[in-house]
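# Structure assessment
One letter stands for each residue in the lines below.
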Amino acid sequence: MADARLRRVNKEIADCKNDKSSHINIELIDNSPFHLKGSFKGPEDTPYAGGHFDVDIVIPESYPFQPVKMKFLTKIYHPNVSSASGAICLDILKDAWSPVLTLKSTLISLQSLLCSPEPNDPQDAEVAKHYLTSKASFEETARYWTMVYAGGPGKTGSAAGQKQDEVAMAGLEKAHVDQFESLGFERGKVIDALRRLNYRGANVAKINDDRVVEELLK
Amino acid sequence: MSSDYENSDNEYFEDDDEIMDEDDGSASDMEVDGFDNGYKTIGNKRLKSYEVDYEPLSQKQIEDTMKNEIDYISGLCGVDADVASLLLRYFDWNREKLVDKYMDNADGVKTNAGVSPPEKPEPSTASSSQIESHTGPRRSTRRANSSEAQKQSKTKAIIERISPPVEEPYMCPICCDYNPTDTRSLACEHKFCSSCWSEYIKNKVRNEAEQWITCMAEDCNIAAPNQFVQDVLAEDPAVWNRFKELLVRHYVASNKNLKYCPYPSCTYTVSCPSASSKSSLTTIVPIVTCGASPTHKFCFGCNIDDDHRPVVCAAAKLWLQKCQDDSETANWIKTNTKECSKCQSTIEKNGGCNHMTCKKCKYEFCWVCMGPWSEHGTAWYSCNRYDEKASIEARDAQSRSRASLERYLHYYNRWANHEQSAKLSVELYAKTEKKMEEMQMTSVLTWIEVQFMKKALDEVSKCRMTLKWTYAMAYYLESGNEKELFEDNQRDLERAVEELSELIESPLDTDTITDLRQKVTDKTVYVQKRNEIVLEDTAQGFQDGRWKWNCSVDGFD
């Protein structure tokens, strides 16, 4: 069966090269057809628009009878993708896998996952909470991450070389961070604590300052 | 299980035709509980109060029962055996639910269960045969039915092979092979090459332990019938056997009267209807042995891989949980911490002076005497007020809270001690073996006459197991007369076991060997009796509801 696996993967790579319409790109990492890098553009009308996302692809031994292993190489702010490791929570990469699915169709599914996040089945609980609390604030952060990490368009034009703003990165308000920093806490710690508490949108009113200080003292 | 019930059950399967001809409905009336398959239990053997009634069953026996179920559904619904098997598996072998839904909407059930594709005109051969089996003589046996189906599928396969799509060469979408030698498809007609099917099924069976194999196409829920799986796996009998085992496992898992033997690669099942309900587990400890080997002993009621008699599953589980959480931690807490004398928070002192301020209640006290710091005045860094009344009180409060920890450790240490001894028993067996050989050489005793040693050792290990769990039991028993009686029995057994242990391990003396033999034999009998008493009395107590717990135990009110 080993040659069938190779034949299939080679065909999939070739198909992807020939297909210009889907804008899905697959290339080899370290010359093995079983370790690939897929990439696609962030879908329009989403906070990911304009970004260029790389995905690490590992073809398992028993492919296509076992799902491919995929994770984001590009950092992305999305409820179903780990903001730290890039691990993806998507049913077709697990039990809903079918041998007829291909690398291309899977990457397209990933692309559409960016259009329709499922915060109720999250990979990254903090991001999902952010999404559910304030979608506008979440989108702003996601857009910012797209700009910083995925080369997306920034408000100020060129994103390259721009100093990363930790506060925007965490999807927080500068005023809130400044408020607690002025109490004498380290800025990094304040950002961490506020992120953990999901200090955003309507939640700000629900969390009193004592709770924040308690978290900061932990 | 009443005997007339069994009879009716057997009668039913034997005189299948008769009943079917009379009335379909009567069959389901008789079988109110779909899972009572009339397993006979060891009824004639007299059971002790701590033993349960159960029956070990081989894979073959379960397969036969499954076949009966399948035949029943096959006849009732007028489908072939493979379809009946799929339907039953889809409904987790709940026959009543299946019949209910099927009579309501046969096509809908078939679509949901992945037997036939939704709202697509059936290929003429298949549909005609179905109509035939509906209208034809209901009695048509399984054999005839399945051979018919086989013929049918064969002709279908042949048609496929001789007439490939003309326009473009067929390529298997899985392995990208053009014109594969052989292709197969399920009822949905999604065609794939046979070697891909084989790899796919092998992967499902081997790696995912899955008995429900659906079509490889995306979002296609059509399930592979057994015949299809068998055909595909024709060259892999090992995988096919594994698949059959998975079918049995699924059946067993769906039936609460049955449990699969947890020992690795064992294929036996145990039927124990008396322990099938959760409430029954408050009165019995269903330790069973599967038919494969007497060492395959396990509890039917829970996952503890130990003979945890006499204590019931819920309490045993509670105890193990506690041990896992607490034992090491508790030891550490005992040696390294003290409790705040005011709010009882546990405090570890890891440096600094003896002036402690409780983080929680802000109480200030002295670490040495546990008395309030205010009374220490200016005597910082040294405590000279050990005997003051306040500090005595504080130490009293502390010792009270320590007492519960001490109590737990008392039981835990004894429990662990017996467990440790049980672990060492392998060594002890080897040692005893040697001793027995020595005896045969130095004395007039024959091989058969020295077996008393092994017998004694067997008894000791068995009793250590009982003793071990009596400590878990005693920990949760409410103090009172009942508990005292329990502990008296426990003490008698423990003393006897230790004495016997000592006798077994005592050095051999040629002159007194007959004397020793007498002593050991007597003691073994005594120990055996004490063990019986503990087990029987405890089991009887559960049946009478005599035991009261000092905390809430799952299942007891």
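Before reading further, recall that the structure is shown in the block above.
All figures in this text were calculated on a predicted structure; none of them were measured in a lab.

Of regular secondary structure, chain B possesses 17 helices and eleven strands. The contacts in chain B between residues at least 6 apart in sequence include a share of 60% that link residues at least 24 apart. Per element, the accessible surface of chain B, about 29400 Å² overall, is 49% carbon and sulfur.

On to empty space enclosed by the protein. Within the structure shown, the criterion is met by one cavity of 30 Å³ or more. In this structure, the largest cavity encloses a volume near 80 Å³. Across the lining of the largest cavity, the residue classes break down as eight nonpolar, four polar and two charged.

A few words on the sheet that holds strand S5 (residues 269-271) of chain B. All names here are of chain B. Spatially, S1-S5-S4 is the arrangement adopted by the three strands of the open sheet, whose pairing is antiparallel. Looking at the sheet topology across the chains shown, the edges are occupied by strand S1 (55-57) and strand S4 (258-260). For this sheet, the mean inter-axis angle between neighbouring strands, taken without regard to orientation, is 25°. Relative to S5, S1 is paired through three bridges, and the arrangement is antiparallel. What sits directly across from Pro-56, in S5, is Val-270. Packed onto the sheet, helix H12 (residues 237-254) meets S4 and S5 and runs at close to 140° relative to S4.

Each partner contributes residues to the interface: chain B has 18 residues there, and chain A has 13 residues. Contact between chain B and chain A buries roughly 1300 Å² in total, counting both sides, with carbon and sulfur atoms accounting for 66%. In terms of surface lost to chain A, no three residues of chain B exceed Ile-174, Cys-176 and Glu-218 of chain B, which account for 35% of the buried area on that side. On the surface where chain B and chain A come into contact, there are one salt bridge. The shortest N-O distance in the salt bridge between Asp-177 of chain B and Arg-7 of chain A comes to 3.9 Å. Viewed at the interface, chain A and chain B are joined by five residue pairs in polar contact (both at pLDDT 80 or more). Element by element, the count of residues in the side of chain B that touches chain A is highest for helix H10 (residues 194-208) of chain B, at seven residues. Looking at side-chain class alone, the side of chain B that touches chain A contains eleven nonpolar, three polar and four charged residues.

Turning to the nonpolar core, a few remarks are in order. Residues and elements named next belong to chain B. Leu-87, Trp-197 and Ile-201 are the most contacted members of the largest nonpolar core, which totals 61 residues. Secondary structure elements with two or more residues in this core: helix H4 (59-77), helix H5 (81-90), helix H6 (95-104), strand S3 (192-193), H10, helix H11 (226-232), H12 and S4. When residues in this core are grouped by element, the largest group, eight residues, is from H12. Among residues more than four places away in sequence, those in contact with Leu-87 are Val-79, Leu-98, Tyr-102, Val-109, Ala-113 and Val-115. Judged by nonpolar contacts, the second largest core, of 44 residues, contains Ile-304, Tyr-412, Tyr-471 and Tyr-475.

Definitions and limits used
Residues numbered from 1 in each chain as written. Chains lettered and ligands numbered in written order. Predicted model: local features only at pLDDT ≥ 70, side-chain atom pairs only at ≥ 80, totals over all residues. Heavy atoms only, no water. Helix = DSSP H or I, 4+ residues; strand = E, 2+ residues; numbered from the N terminus. Contact = heavy atoms within 4.5 Å. Areas by Shrake-Rupley, 256 points an atom, 1.4 Å probe, with all protein chains shown as cover. 1 Å grid on protein atoms, 1.4 Å probe; cavity = no way out; pocket = protein on both sides within 12 Å on 5 of 7 lines; lining within 4 Å. Points joined across faces, edges and corners; volume = space filled by probe spheres on them. Nonpolar A, V, L, I, M, F, W, Y, C, P; charged D, E, K, R; others polar. Pairing = 2+ DSSP bridges. Axes fitted to C-alpha atoms, helices over the stretch in contact; angles between N-to-C directions. Buried area = accessible area lost by both parts, 1.4 Å probe. Salt bridge = Lys/Arg side-chain N within 4 Å of Asp/Glu carboxyl O. Polar contact = N/O pair within 3.5 Å; in protein donor to acceptor, adjacent residues only side chain to side chain. Core = buried A, V, L, I, M, F, W, Y, C linked by side-chain atoms within 4.5 Å. Buried < 20%, exposed > 50% of the residue type's maximum accessible area, 1.4 Å probe, protein only.

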